[in-house]
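Report on the structure
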Amino acid sequence: MSGMASGIVTCPLDVIKTRLQAQGSFRKPGMNGTSGALYHGMLSTARTIWREDGIRGMYRGLGPMLLGYLPTWAVYMAVYDSSRDYYYTKMGLCLAPVSRILN
Amino acid sequence: MYAENRWFARIYASITAGACSTLVTNPIWVIKTRLMSQVGSQAPEEARTPWNYRSTLDAARKMYRAEGFRSFYSGLAPALLGLSHVAIQFPLYEYFKLQFTGLEMGANTTTMDSDHHWVGILAATFLSKICATSATYPHEVLRTRLQTQQHMYPASSHEEISFRGALGSAHIRRPPGASSSDGMLNLPRYRGMVRTVKTMLAEEGWRAFYNGMGTNMVRAVPAAMTTMLTYETLKTSLFHLQVEGRRIMEQQEEGTYT
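If you're wondering where the values come from, they're calculated on a predicted model, not measured in any experiment. Starting from 1, residues in each chain are numbered consecutively following that chain's sequence as written. All chains are assigned letters beginning with A, and all ligands numbers beginning with 1, in the order in which they are written. The model is predicted, so local features are restricted to residues of pLDDT at least 70 and side-chain atom pairs to those at 80 or more, both for listing and for counting; the totals for chains, interfaces and linings are taken over all residues.

With 56 residues of chain B in contact, the opposing surface of chain A contributes 43 residues. Of all the elements in the fold, those that place two or more residues in the side of chain B that touches chain A are helix 1 (2-37), helix 5 (115-147), helix 6 (192-204) and helix 7 (213-257) of chain B. Put simply, DSSP marks the helices as runs of H or I at least four residues long and the strands as runs of E at least two long, and each gets a number from the N terminus on. A total of 23 residues in the side of chain B that touches chain A trace back to one element, the largest contributor, which is helix 1 of chain B. For the side of chain B that touches chain A, the per-class residue count stands at 21 nonpolar, 23 polar and 12 charged. By definition, residue pairs are in contact when their C-beta atoms, positioned from the backbone, come within 7 Å. Each residue is assigned to one of three groups, with Ala, Val, Leu, Ile, Met, Phe, Trp, Tyr, Cys and Pro labelled nonpolar, Asp, Glu, Lys and Arg labelled charged, and all others, Gly among them, labelled polar.

Here it is as structure tokens:
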């Protein structure tokens, strides 16, 4: 639930970030340096998206973003708990002889 | 020694878990990135993406048809590389927290008057997140660039022919795609991580690797601070509950004896 709420709050920021990150991919050949950059900075990018696409532009990709939360956390939590126990025992075993000597 | 090992176990576990969840969810993130970089009809020509997806499902269908299964796993290598983020953030967090509060991660204070303690936790999260993000941010740009590049089959039309990267095509003996109208080879701009880095350096310079980092900080730092504060609060209240529980049980035991 809190993941969903934060997704809705942060989605526009994610869109702005993605635009800034991706802009070099679509540049025409022959452009040099930052001369052909379409977006500059967070606020200016936000204004551009708002002007061209309104609220829809700010929330593009919200669907897959929310869709991805659940499997991400489910897999992460399941694997984290079991692999942490695995590493604990593995390290515990490695540590045992050393601690025996130290004691 | 023991505490330190537990600590490594936690970092390893979080990298393992992160790798598994990345493998499972990468297709969703590729679709997300592609939808987010898509622009509206009012946007100028040079901002247009070569694709136009209506929805998540539409994107998945079109990607599968035009580019095959492989496209769902584009950007996987930098995504996995980005898992090193935790290996920087958590040790730094522990270090800063120890400096500011004198406590380890998850350790508890016995006194409740710990405003100083919360400020320390927030400051430690803030600093560790900023350091880890600055250090590992370029992987995000690489991932986005690879995710937003189409894996085209030999192009059938003019519009589908993608741009060649600035490094030209001298490294490839056999052309993977068809030729464009000017007789040059139709090659993707980015191929693999190393070549992507080289192409970006040649075309845009090193600054491109930090595009959008400020925005990312605005998004990620408060999120990390909330998460950390929640985690530490839960830990502390759990600890106090245990203390309280023990006290009640002792009282009850005393009660049965008297």
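Still more ground to cover, so stick around.
All names here are of chain B. Locating Y53 in the fold gives a position in the loop between helix 1 and helix 2 (56-67). Judged by the 19 C-beta atoms lying within 10 Å of it, Y53 is partly exposed. Spatially, the C-alpha atoms of Y53 and I31 are 9.3 Å apart, while their sequence positions differ by 22 residues. With sequence-adjacent residues up to four places away left out, Y53 is seen in contact with R34, L35, Q38, D58, A59 and K62. In this scheme every C-beta is placed from the backbone, and a residue whose C-beta has 20 or more other C-beta atoms within 10 Å is buried, one with 12 or fewer is exposed, and one in between is partly exposed.

The next point concerns the confidence of the model for chain B. When pLDDT drops low, the exact placement of atoms in the prediction is not to be read closely. All names here are of chain B. Across chain B, the average pLDDT comes to 83, with 79% of residues at or above 70. You can read pLDDT as the predictor saying how much it trusts each residue, on a scale of 0 to 100. Mean pLDDT across the elements of chain B bottoms out in helix 7 (89) and peaks in helix 3 (residues 76-81) (96). The low-confidence segment residues 155-165 (pLDDT under 50) makes 25 contacts with residues lying over four places distant or belonging to another chain. Contacts from residues 169-185, a stretch scored under 50 in pLDDT, to residues over four places away or in other chains number 21 contacts. The complex model carries a pTM of 0.80, and its ipTM stands at 0.84.

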